[in-house]
Amino acid sequence: MISNAVMKELRANDSYLFLMKELEKVDDKILEPLSGTDWPRDMPVITGGGITESIATVDVTYASTGMDDDNIFFDAANDIPVIQADMSEQVARTFSFAEYMAFSRVERMKMMEVGRDPETFLNKGIRLHFDKVLDRNVYVGFRKVSSWGLCNNPNVIRSSASRNTGSTSTRWADKTADEILADINTAVSAVWKENDCASDALPNHILVPVEQFGQLVSRKVSDDSERSILTYVLENNIATRQGRPLVISPCKWCAGIGTDYTDRMVVYMNQVDRICFNLTQPLQRFETEYVDMRIKIPYYAQFSEVRFLYPTTVRYMDGI
C-alpha cells in the first residue's frame, strides 16, 4: 500500500506517470465496432467469374398461334398451331470496390513494441466495410449509380396492408393475429397467382422491420394462449400449408422504406434461380507499396447489382 506522503512525492515528478503506466493492466481484448449484416441470410450469391463489365441472362417466353382448344387435333383438321419462342436479355451491372490501408513505418514499429500490428486492425476494418457495402447493395442499392436492392425495386408490385377491424389503421401493432396472418396470406397468394400458381413460385421468405418482428415474437395469439403470433403465422400461412416452409426474418432496411415512408414487408423466393447477385471478384489484397516512410496496401473486389431473375416472385406490402 502506497502512503499519502509517497503519493504526493510521486505527483511532484514524472515518475508518478511512469508508475501509473506500470500499474495499468491492458486488456488483450480489442473492442471493435458493433455492426450487423444480414445479406448472406437473405440473398443467394454466385461467386466467381472474374472482372467483368456486366452479367447477362437470357429470358425466353413461349406462345402458341392458337388457343388451347385449337391444339385438339381431329382427322379433318388442317390448321395446326405453331409454338413460338421470344428471347430477350437481362443485363446486370457490376460495381468495383477499392480501398487501401496506409500507415507509417514508425507507427508500425511503435505498435509492434506493445504487441499490436496496425495491419491487423486495418485489414479487419476494410473487410467489415466491404461487408457493409454488400449489405447496402443487396437491400437498397446505391443512389449514386441508380441501382436498386431487394427492398426498393420500383418494378416490383406493391400494395397496402389492409385496415384493421374497427379503425383505419393498417399497422400490425393495432391488429390481431388473424389480421396479421391475413396480410401475409394476401401477399403470398398474390405472388403465387401472378406466377400461374406454379408450385415452385410460392414465396419462402418474408422480411419485416425489426419492430414488427418483435411484435410477432412477443405478442400472444390471445390472452389465454401461450403461442406467439409468429408461431401461429408460421403454422397457418398458405406456403406452409402447401408444403413450402416459410421463413420470417427481421430486416432493418424495411423500416420507413415504403410509400410515404411507411414500413414495408418484402415477400419473395429466396432461391438462386429467382433472385441473386454475383460476387465476381471476392475481396483480395494487392501487393504492398512502400512510398518513402509510408506503407500502402490496396484491396479490390467486384460485385453485381441484385438480379431480379423473376421479378414477379417478389412483392411489397406497405403500411404494416
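Here, the structure is the one placed above.
Residues numbered from 1 in each chain as written. Predicted model: local features only at pLDDT ≥ 70, side-chain atom pairs only at ≥ 80, totals over all residues. Heavy atoms only, no water.

A. Representation of the pairing of strand β8 (residues 275-279). Within β8, 5 of the 5 residues are buried, leaving the element largely enclosed by the surrounding structure. Every second residue of β8 is oriented toward a common face, with I275, F277 and L279 on one face and C276 and N278 on the other, all of them buried. As defined by bridge partners, strand β1 (residues 45-47) adjoins β8 across 3 bridges and the pair is classed as parallel. Pairing of I46 across the sheet is with N278, part of β8. Of the pairings in the sheet, the one linking β8 to strand β12 (residues 307-308) comprises 2 bridges and is antiparallel in character. Note that in β12 the partner of I275 across the bridge is F308. (Buried < 20%, exposed > 50% of the residue type's maximum accessible area, 1.4 Å probe, protein only. Helix = DSSP H or I, 4+ residues; strand = E, 2+ residues; numbered from the N terminus. Pairing = 2+ DSSP bridges.)

B. Focus on the sheet that holds β8. Spatially, β1-β8-β12 is the arrangement adopted by the 3 strands of the open sheet, whose pairing is mixed. The outermost strands of the open sheet, each flanked by one partner alone, are β1 and β12.

C. A look at the environment of R315. With respect to the helices and strands, R315 occurs in strand β13 (residues 314-318). If we ignore the near neighbours within four places in the chain, the residues touching R315 are V156, I157, S159, A187, A190, V191, M265, V266 and V267. (Contact = heavy atoms within 4.5 Å.)

D. Broad picture of the packing of aromatic side chains. Per the stated rule, a full pass over the model turns up 8 aromatic pairs. Both rings, one in F95 and one in F303, keep their centres 6.1 Å apart while their planes meet at 75°; by these two values the pair is edge-to-face. Residue F95 is located in strand β3 (residues 83-104), and its partner F303 is located in strand β11 (residues 294-304); the two are separated by 208 residues in the primary sequence. The two residues F95 and F303 agree in class, both being buried. For the ring pair F286 and Y300, a centre distance of 6.3 Å and an interplane angle of 15° mean the geometry is stacked. Of this pair, F286 sits in the loop between β9 (281-285) and β10 (289-291) while Y300 sits in strand β11, and the two are 14 residues apart along the sequence. The rings of F95, F97, F130, F142 and F303 are connected pair by pair, giving a single aromatic cluster. One cation-aromatic arrangement involves R274 over Y310; the distance from NZ or CZ to the ring centre is 4.9 Å. Lying over the aromatic face of Y100, K296 brings its terminal NZ or CZ to 4.5 Å of the ring centre. (Phe/Tyr/Trp six-rings, centres within 6.5 Å; stacked < 30°, edge-to-face > 60°. Lys NZ or Arg CZ within 6 Å of the ring centre and 35° of its normal.)

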